[in-house]
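Structural characterization, general
Each chain is listed here by its residues.
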Amino acid sequence: MIEDIVKQLEPLPSKSKLIIFGGGYSGQKIASVGRHLGAKVLCSRRKKGSKGADFIFDSDREFSNEICEGVTHVLSCIPPLLSGEDPVLSKLKTKLLNSKNLKWVGYLSTTGVYGDTKGTWVNENTCPNPQQGRSIRRFSCEKEWLETRLPVQILRLPGIYGPGRSAFESLLNGTVKMIDKPGQVFSRIHVDDIAGAVLFLINLYSQGKNPTVVNVADDLPTNNLEVIDYAAKLANKPLPSKVPFEIAKTTMSPMALSFWKENRKVDNNLLCKKLGYSLIYPNFKSGLKNCFSQLKLN
Ligand SMILES: NC(=O)c1ccc[n+]([C@@H]2O[C@H](COP(=O)([O-])OP(=O)(O)OC[C@H]3O[C@@H](n4cnc5c(N)ncnc54)[C@H](OP(=O)(O)O)[C@@H]3O)[C@@H](O)[C@H]2O)c1
C-alpha cells in the first residue's frame, strides 16, 4: 500500500520536479510515492501509450530535452546499453550539467558489481569486482555518472521482487523449479522499499547526509528453496521435487546461469542503521505475505 511507504517519509520541498528515466517496475512505484510527497514527477517509457508514460525516452531515438526545464531531481532506472553506454548520459549529460536547480541525481545500479564473494557479506566499502559482462558495463556507467560531478547517488539493488514479480508467478503457472545448491543465497529487495529508500535518501541528501553509494537490500539473504517453500505454504500449493544444481544448470539460459554463478550477501547497515531507513518488508516472509495479499485482490 502506498500509504505504508509514504507514512514514514518527509514531504519533498515545494516546486520539486523529479524526472524518472525508465518508468518500469521500480520507476512507476517511485513516481507514485514521489507524487504523494508533493513533487511533480514525470516518468519516461519507450513506447507512446505505455502505462505511466508521461514522456517518451528511447536511446534509439532523438530526444528533445525541454522536459528537463526546472528539474530538481533526476533518477535513472535504465540499464546500460550493450555497447556499455549509459542511455541517459549519452543524450542528456550537457543538459544536466547546465541544470542550475539540480539537487539530486539517483542511479539505480546493481549489487552484481560486487561479483562473486563465495557467500560472504559485501558492503559499500567492498571493492567492486564485476565478473559478468552486464555488471562490468554497469560499473562503468556508475563511474561515468560519478565523473559528471553532479550530486550523484548510486543505489545498488539486489533481486527486485514485489506484487506481480515474486515466487508466486512461477508457482501458480506451474513453472517453478526447486533448484538445490547448498550454500547458495540471494539477496533481495521489495519494490516498495526501493521507492521508500529513494525518497528517504533524497531528503537526507539535502541535509548533507549524502553517501555516494548505498546498498538497498533487505535484512535476510536467503536460499531460493526457502523462499519458494514459504510461498507454497502461503498459497497452499504442492511443490515439485528438488533438482540438484548440477542437473538444473544443463538446461538453464545463460542469463539464469550467470545469477547462480555468484553468491554474496548484501549488507544494508549503511541504509538501515547509519542513515535510519526502516524497511517495510525486512525479509522475504513479510514481503511474500504482501505479494500474496495483492494476488488475492486481483
Ligand atoms: N530486476 C532486478 O532484479 C534488478 C536487480 C538489480 C538492479 N536492477 C536494475 O534496476 C533498474 C530498475 O529495475 P526494474 O526491474 O524496475 O526495471 P524495468 O522494469 O526493467 O524498467 C526498466 C526501464 O528502463 C527503460 N529502458 C530500458 N532500456 C531502455 C533504453 N535503451 N532506452 C530508454 N529506456 C529504456 C524501460 O522502458 P519501457 O518502460 O519502455 O520498457 C523501463 O522503463 C534497472 O536498471 C535494472 O537493470 C534490476
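Everything numeric in this text was worked out from a predicted model, so none of it was measured.

Concerning the packing of aromatic side chains
Overall, the coordinates contain 11 aromatic pairs when judged by the stated rule. With 5.9 Å between their ring centres and 40° between their planes, phenylalanine 55 and phenylalanine 63 make a pair best called tilted. Taken individually, phenylalanine 55 and phenylalanine 63 each receive the classification buried, so the pair is uniform in this respect. Seen from the ring of phenylalanine 259, arginine 134 lies directly overhead, with NZ or CZ sitting 4.4 Å from the centre. It is lysine 181 that lies over the ring of phenylalanine 245; its NZ or CZ is 4.7 Å from the centre.

Some thoughts on the sheet that holds strand S7 (residues 152-157)
With parallel pairing, seven strands are arranged side by side in an open sheet as S3-S2-S1-S4-S5-S7-S11. Of all the strands in the sheet, just strand S3 (55-56) and strand S11 (213-215) have a single pairing partner and so form its edges. Two strands pair when backbone bridges link them, and S7 and S11 are joined in this way by three bridges, in the parallel orientation. Looking across to S11, one finds that arginine 156 is bridged to asparagine 215. Helix H2 (residues 25-36) rests against strand S1 (17-21), strand S2 (40-45), strand S4 (73-76) and strand S5 (104-110) of the sheet, and its axis sits at about 165° to S2. Where helix H4 (residues 133-147) meets the sheet, it contacts S4, S5 and S7, and its direction lies at approximately 170° from that of S5.

Examining the environment of serine 59
Here serine 59 shows up in the loop between S3 and S4. Along the chain, serine 59 and histidine 36 lie 23 residues apart, while their C-alpha atoms are 29 Å from each other.

Each value, and the rule that gives it
- The residue count restarts for each chain, going from 1 along the sequence in the order it is written.
- Per-residue local features are limited, in this predicted model, to residues with pLDDT of at least 70; the limit for side-chain atom pairs, both in listing and counting, is 80 or more; totals at the level of whole chains, interfaces and linings are taken over all residues.
- No hydrogens and no water enter the side-chain calculation; it runs on all heavy atoms of the structure.
- Only the six-membered ring of Trp is used, alongside the rings of Phe and Tyr, when aromatic pairs are assigned; centres must lie within 6.5 Å, and planes under 30 degrees apart are stacked while those over 60 apart are edge-to-face, with the rest tilted.
- Here the term buried applies to any residue with accessible area under 20% of the maximum for its type, exposed to any over 50%, and partly exposed to those in between, with areas from a 1.4 Å probe on protein chains only.
- Our definition puts a charge over a ring when NZ of Lys or CZ of Arg is within 6 Å of the ring centre and also within 35 degrees of the ring normal.
- Strands pair, by our definition, only if DSSP identifies at least two bridges between them.
- Note on conventions: DSSP H or I runs of at least 4 residues are helices, E runs of at least 2 residues are strands, and numbering of each starts at the N terminus.
- We call two residues in contact when some of their heavy atoms are within 4.5 Å.
- Fitted lines through C-alpha atoms serve as axes, helices being fitted only where they are in contact, and the angles separating the N-to-C directions of these axes extend from 0 to 180 degrees.

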